[in-house]
Amino acid sequence: MPGNHTDPLAELLAAGPATVDRPNLGAGYRGYDAPRPKGGTVDLRITMRWRHSGKITVDSLGRLAFPVLPDRPGLYRFTWVDPICGHRTFVGETGNLWRRLIGYRHPGPGKISDQYISDLLLTHLSTGGTADVAIAMFGALHVGGAEQALDLDSAASRELAASAALMQCAVAGDTDILS
């Protein structure tokens, strides 16, 4: 019946903060037994800056060629304009930028996503298109107003940053997101 529906957000706000009792898991759990805040609002912001690293090209053997990247953890972003799909963006994260891009140059068996992105780029570049790669190796995490360095040695931090980068693309709405 119209008019009998309640607003789920209003219900949550009216219920007040949730509480969760956490058991003491011992010192082996890296501080998980420390007191945790109960309920409240999650206030999280990620800042990072993309650095243009160069063009992606095709070498004389018909394989992808990437600009030289550091062998450090970080995020990478491929961008290109496809005549049919428009702007396309692929965002990934890795513990070693240089080694990760080699995976697109030589996709191994079972690496379906590497092969897919490699094929898309090769097709685009072989028809005269251009593609760029940018990287982000540093960032900051803002939690509850306090800022700290974003630890890109941590896979969880890289995945969080990559998700934030994808959300930025989605909100802009001007690109086909491939990640």
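Residues numbered from 1 in each chain as written. Predicted model: local features only at pLDDT ≥ 70, side-chain atom pairs only at ≥ 80, totals over all residues. Heavy atoms only, no water.

(A) The overall build of the chain, seen in detail. Counting its secondary structure elements, the chain contains four helices and nine strands. Sorting the 179 residues of the chain into buried and exposed places 31% on the buried side. Across the chain, contacts joining residues at least 24 apart in sequence account for 63% of those joining residues at least 6 apart. Counting every atom, the chain has about 11700 Å² of accessible surface; 57% of that belongs to carbon and sulfur. (Helix = DSSP H or I, 4+ residues; strand = E, 2+ residues; numbered from the N terminus. Buried < 20%, exposed > 50% of the residue type's maximum accessible area, 1.4 Å probe, protein only. Contact = heavy atoms within 4.5 Å. Areas by Shrake-Rupley, 256 points an atom, 1.4 Å probe, with all protein chains shown as cover.)

(B) Spatial organisation of the environment of Phe-138. By the secondary structure assignment, Phe-138 is in the loop between β6 (131–136) and β7 (139–143). Residues Phe-138 and Arg-49 lie 89 residues apart in sequence; the distance between their C-alpha atoms is 7.4 Å.

(C) How the structure looks around the environment of Gly-103. Of note, Gly-103 is situated in helix α2 (residues 97–105). Each C-alpha atom, one on Gly-103 and one on Asp-114, is 6.7 Å from the other, the two residues being eleven residues apart in sequence.

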